[in-house]
Amino acid sequence: MQHRAAAGPFETDGVKAAPDAHVTQAQPYASYTLGAPYDEMFTRDGVVRPHCAALHERISTLPSEELVRRQQACEISFLHQGITFTVYSDAQATERIIPTDLLPRIVRRDEWDRIERGLTQRIRTLNMFLQDIYGDARVLKDGIIPRAMIFGSRHYRREMRGVSVPHGAYVNVCGTDLIRGEDGAFVVLEDNLRVPSGVSYMLANREVVRRAFPGVFRAAGVRNIEHYPQELLATLRSLAPHQEEASIVVLTPGVFNSAYFEHAFLARQMGVELVEGRDLLVNDNVVFARTTSGLKRIDIIYRRVDDDFVDPLTFREDSTLGVPGIFNAYRAGNIVIANAPGTGVADDKAVYAYVPRLISYYLGEEPILDNVQTYLCREPNSLSHVLANLDRLVVKAVGESGGYGMLVGPHATTAEREAFAAKLKADPENYIAQPTIQLSTAPTLVDGQIESRHVDLRPFILNGERTTIVPGGLTRVALRRGSLVVNSSQGGGSKDTWVLSA
Amino acid sequence: MLSRVADSLYWMGRYIERAEHTSRLLAVKLESMIEQSREDSAASWTRIIAAQSAESFAANPEDAFATTDSIALARSNPSSLSTSLSRARDNARQVREQLSTEVWEHLNRLYLHLQPFAIEEIWVHQPARLFRDILRDLHTLEGVIYTTLRHGEGWYFLELGRYIERAQLVSRLLGIHFGASAPDFAYAPQASKYLDWLVLLKFCSAFEPYCKEHTAAIRPERVADFLLFDSEFPHSVKFAVGRVNEALANVAPGAPPRRRAPCDRLAGKLKAAIDFGQVDDLIGGSFAPFLAEIMRQCEEIHDTVFSAYIAYDAGTVA
């Protein structure tokens, strides 16, 4: 059954549709646009998708001042909880909240089931791949992936060769970015295998949005995500031999890190200690924390510090965030570090292009979730295609993340494209290109109006003895009209994500 | 408990106490100003500035507006109310996972509440009221801390910080009020000076408790006796030193005796000096040195706690 949109007028493909004289309560949607991208709430004809009907009705019946009031309540709650990041632009450091949008994004049960199977398949493959390249390197001998791409990657850690990792689980926490193409199918945009963040926003958004729409929330049958911290704890525990007594800590770079709130939040929710590098010391290849009563042995570290900074003796010697000697303790098997060092080699944007082939190589299966079509600029044919079509492609540096080092062709000026082309030709191996995908859009509250904004989805995958994915994720939203960049460092916000149980 | 965490909780306790003290000084001073002569008002601002070690930030004690600004809001002044609140919150943030949500949110709200104010704005709306409000919120915070945190090691580190700070602040205030010279204990202040003593008591939340004990007849030696040696009044030095001892007995439960001993010894020594001291012994020139000695011993306890529990050398503990 299709629900006729109580809302209109819509614009279709940028052209304003004929206003529907009967619909007067539709005001909040006055400037809502439906174009080529898939919309999370409406079909192309402006009809509400059935699984969004209850939410849509609630939004349409609330006066826009009330929506704004609820939105402000969410923001104040974030500010009071200290869910902020610090901007050091002027003399005085100011704290800002990461914008959260009141209107949840809804994912159907069947869609989620496919996501769950696809991500499980993917994380299995990536872990097997990591075990392989830090072990026998069969995948390189068989010529599936170029040797130079792995050994030349700046995230490859020679020191990890021959290190035995519990359950072969190199990646214990993974945040995979999914987007919806124009046909509505979810595809993988990026794997984040190093220190993915954002899970606290998933939980914090749920907290405030459930309060804003209690009725719809209950009626919709939204699946729980609140057990994420317990699942994370169980995953970490499963990595140590004496699971119950294992002493676990979360390692943070400290209070100035933009994700500090999340580190403290997870430590508190798991009931484990939050430590900084300076709290730990290594004696005789055993890791200890300095406590008021003396030194206390540590068994498992959930680290939120990048590889480079974990151990100044092994990696960057100028790091003051890490623990000198911890890597030797790790090699000696006296401490578990999650995620394992060296996982970054597998979320490289060039390796990404090979993941579908890796899935069939290791598992003999077809990928359940597709990749975005990717041109490897290291291949001459692809390079010339990319250079000829810069105005239609997104070009990304392979080792970068957070939206840095990329060119969004259609939105760039000719001068920007020319400058980027020069960089591309100078160092083609460092770049990949993808068609500009119109990320799907979802209704978003902007200045009291409901407008369409582009969104992606980052579910969090836990992987130890077994794989667990809590049904939900972080929906990131590009708050600027027309923008496709959802990164919080570049004007992105986030939304609650409702996965339905039926 | 992690040493770094203990350190942050200790400092959080100190800064909360300092913020409470500063907001009380400001509230009481601004309320009493109306009844003071120009000279008396300037003299009392001078004492406040000295108590806050704010001489380089507040140049002119006759300018109540500028002085209030520098003691309440100036971020350049390391002992201003705004700085204390911000440091209390910074420390709380560093141990966020050790605090209850209630404690953190209360302190965070308090901090956010003061942030947007500029002195011009405070001045037009009964300036004392803002500081009364903050004082009330700080009292509430004390209750929230008491009732939502486990009374374990972390809580005792908060207590330790709070009461070492209090012992020092009250001693300092007394020293400044009585001056370096020997106070004449037998002297009964006249009406104009009476207000100064009343204000001193109010600076320590002590006026009503004092009256219950000694009636409204304010005598300097009774004031000194009450603020130093009353065993039941929470803002007396004796009370604070008792709490310091109790807190020290409850921190670092697993530390080896040789690390505990120096802290316990120093705290016991200070307690003995207060427990067996009496105001009659302090007549003549020994009053100021007695206060200076209390403050010095508090410093020594502070340093010893740091080297025993926070920054101990890992090589010394097997």
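The structure displayed is predicted, hence computed values, not measured ones. (Residues numbered from 1 in each chain as written. Chains lettered and ligands numbered in written order. Predicted model: local features only at pLDDT ≥ 70, side-chain atom pairs only at ≥ 80, totals over all residues. Heavy atoms only, no water.)

On to the overall build of chain A. For chain A, the count of helices and strands is 15 helices and 26 strands. Relative to the compact-globule value of 23 Å for 502 residues, chain A shows a C-alpha radius of gyration of 23 Å, a close match. Counting every position in chain A, which comprises 502 residues, the buried fraction comes to 59%. Across chain A, contacts joining residues at least 24 apart in sequence account for 66% of those joining residues at least 6 apart. Total accessible area computed for chain A in this model is approximately 20,300 Å², and 48% of it derives from carbon and sulfur atoms. (Helix = DSSP H or I, 4+ residues; strand = E, 2+ residues; numbered from the N terminus. Rg over C-alpha atoms; globule rule 2.2 N^0.38 Å. Buried < 20%, exposed > 50% of the residue type's maximum accessible area, 1.4 Å probe, protein only. Contact = heavy atoms within 4.5 Å. Areas by Shrake-Rupley, 256 points an atom, 1.4 Å probe, with all protein chains shown as cover.)

Once that is clear, we can look at the confidence of the model for chain A. Residues and elements named next belong to chain A. The share of residues in chain A with pLDDT of 70 or more is 92%, and the mean pLDDT across the chain is 88. Ranking the elements of chain A by mean pLDDT puts strand β2 (residues 15-16) last with 36 and strand β23 (residues 460-463) first with 98. Low pLDDT (under 50) marks residues 1-25, which in the prediction has 50 contacts with non-local residues, meaning those over four places away or in another chain. (pLDDT = per-residue confidence, 0-100.)

Residues and elements named next belong to chain B. Where helix α1 (residues 3-32) meets helix α7 (residues 127-148), the closest approach of the two axes is 8 Å, and the angle between their N-to-C directions is 150 degrees. In terms of orientation, α1 and α7 fall into the roughly antiparallel class. The crossing of α1 and α7 is left-handed. From α1, Ile16, Ala19, Glu20, Ser23, Arg24, Leu26, Ala27, Val28, Leu30 and Glu31 reach across to α7, where they touch Pro127, Ala128, Phe131, Arg132, Ile134, Leu135, Leu138, His139, Leu141, Glu142 and Ile145. Partitioning the contact of α1 with α7 into residue classes produces 14 nonpolar, two polar and five charged. (Axes fitted to C-alpha atoms, helices over the stretch in contact; angles between N-to-C directions. Parallel < 35°, antiparallel > 145°, perpendicular 65-115°, else oblique. Left-handed = near helix turned anticlockwise from the far one by under 90°. Nonpolar A, V, L, I, M, F, W, Y, C, P; charged D, E, K, R; others polar.)

Residue and element names in this part refer to chain A. Judged by how many residues are buried, strand β7 (residues 173-180) sits mostly within the fold: eight of eight residues are covered. What you see with β7 is no split at all: Val173, Gly175, Asp177 and Ile179 on one side and Cys174, Thr176, Leu178 and Arg180 on the other are buried throughout. With three bridges connecting them, β7 and β23 associate as antiparallel partners. Across the sheet, Gly175 pairs through a bridge with Phe460, a residue of β23. For β7 and strand β8 (residues 186-192), the ladder comprises six bridges, and the chain directions are antiparallel. Paired with Gly175 across the strands is Asn192, a residue of β8. Once β7 ends, the chain turns through five residues before running back antiparallel as β8, passing Gly184 with a positive phi of about 90 degrees. (Pairing = 2+ DSSP bridges.)

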